[in-house]
Amino acid sequence: MTAAIETRGLTKRFGGLVAVDKVDLRAAAGETLGIIGVNGAGKTTLMNCICGLYRPDDGDVFVAGDRVTGKPPHVIAHHGIGRTFQVPRVFRKMSLIDNLLVPVLDRKASDAELIERAEAMLERMQLIALRHNHAEELSGGQQKLLEMARMLMPDPPIVMLDEPFAGVHPVLCKFMIDRIEETARAGKAVLLISHDLTSIYRLSSRVIALNQGRIIAEGGVDDIRGNPAVIEAYLGT
């Protein structure tokens, strides 16, 4: 079966530093792949290579079997990849509704249809009451929800989430977990980076652990929890 998203030997160097080192990963539709590792392990760099923000030095990225390696971010996005960031990248001086309309401006649907879809997405994220507010008026956690909503507007089959729970209130974190579970049930492949191992273990079908740019362990949650290499990477010898 063709993977929704796949990397083969993906490598990224910054001078003498190998930030991503021959990484192979696969995620299928409806699967959540957790990506863990200490700071500097290469998690965000891996995601940047997949979505086109960084050009890999070696290896390939495939979306539904199509090679997209080295293509610019907007082209890769049109192949069906949506992505959020550690620090939300919202349009601060624009309303929530307008934020959500940006990624679908090229759609053939009418303005009324797009606004209806945006309002439904804001309702899903419990932000509908703020739809005419500027994004800068939201809390940090609400901005993460807005970014997630904007990312989902084009209905991408692949969703990449970079530290969605960082700095988020526990109640809002639980709400975000529910939305991510809902997204996977809708048949999307989810790549999830998080330092919150409790959430990773709850959400993930499989987990890969990175250290110094390499995959040091891969498997189910129980396999990763007790893996000696993972414990050593986090806690030392």
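It should be noted that the structure appears before, not after, this text.
These notes cover the structure that comes with them. (Residues numbered from 1 in each chain as written. Predicted model: local features only at pLDDT ≥ 70, side-chain atom pairs only at ≥ 80, totals over all residues. Heavy atoms only, no water.)

### Considering helix α4 (residues 111-124)
Next up, step 1: If you check α4, its first and last C-alpha atoms are 20 Å apart, about what 14 residues at 1.5 Å a residue would give, namely 20 Å.
Next up, step 2: All of the buried residues in α4 are Leu114, Ala118, Met121 and Leu122. Seen end-on, α4 carries its buried residues on one side only, within an arc spanning 100°. The exposed set on the far side of α4, more than 90 degrees from its buried face, consists of Ala112, Glu116 and Glu123.
Next up, step 3: Check the buried side of α4 and you find it contacts α3 (96-101) and α5 (140-152). (Helix = DSSP H or I, 4+ residues; strand = E, 2+ residues; numbered from the N terminus. Expected span 1.5 Å × (residues − 1). Buried < 20%, exposed > 50% of the residue type's maximum accessible area, 1.4 Å probe, protein only. Arc of directions from axis to C-beta. Contact = heavy atoms within 4.5 Å.)

### With respect to the packing of α4 against α5
Next up, step 1: Contact geometry of α4 with α5 gives a least axis separation of 10 Å together with a crossing angle of 140°. The angle between α4 and α5 places the two elements in the oblique class. With respect to the hand of their crossing, α4 and α5 are arranged in right-handed fashion. Counted together, Arg117, Met121, Leu122 and Arg124 of α4 and Leu146, Ala149 and Leu152 of α5 form the full contact between these two elements. (Axes fitted to C-alpha atoms, helices over the stretch in contact; angles between N-to-C directions. Parallel < 35°, antiparallel > 145°, perpendicular 65-115°, else oblique. Left-handed = near helix turned anticlockwise from the far one by under 90°.)

### Quick word on the environment of methionine 47
Next up, step 1: Mapped onto the elements of the fold, methionine 47 is located in helix α1 (residues 43-51).
Next up, step 2: A sequence separation of 114 residues divides methionine 47 from leucine 161, and the C-alpha atoms of the two residues are 9.0 Å apart.
Next up, step 3: Not counting chain neighbours up to four residues away, the residues in contact with methionine 47 comprise Arg83, Met160, Leu161, Asp162, Leu191 and Ile193.

### Observations concerning the packing of aromatic side chains
Next up, step 1: According to the stated counting rule, one finds 1 aromatic pair in the structure shown.
Next up, step 2: Ring geometry for phenylalanine 14 against tyrosine 54: centres 5.5 Å apart, planes inclined by 80°, an arrangement best described as edge-to-face. Of this pair, phenylalanine 14 sits in strand β1 (residues 5-14) while tyrosine 54 sits in the loop between α1 and β4 (58-63), placing them 40 residues apart in sequence.
Next up, step 3: Note on tyrosine 54: relative accessible area 31%, which makes it partly exposed.
Next up, step 4: Positioned above the aromatic ring of phenylalanine 62, the side-chain terminus of arginine 8 is 4.1 Å from the ring centre.
Next up, step 5: Between arginine 179 and the ring centre of phenylalanine 175, over which it is positioned, the NZ or CZ distance is 4.5 Å. (Phe/Tyr/Trp six-rings, centres within 6.5 Å; stacked < 30°, edge-to-face > 60°. Lys NZ or Arg CZ within 6 Å of the ring centre and 35° of its normal.)

Honestly, it's all geometry; don't read function into it.
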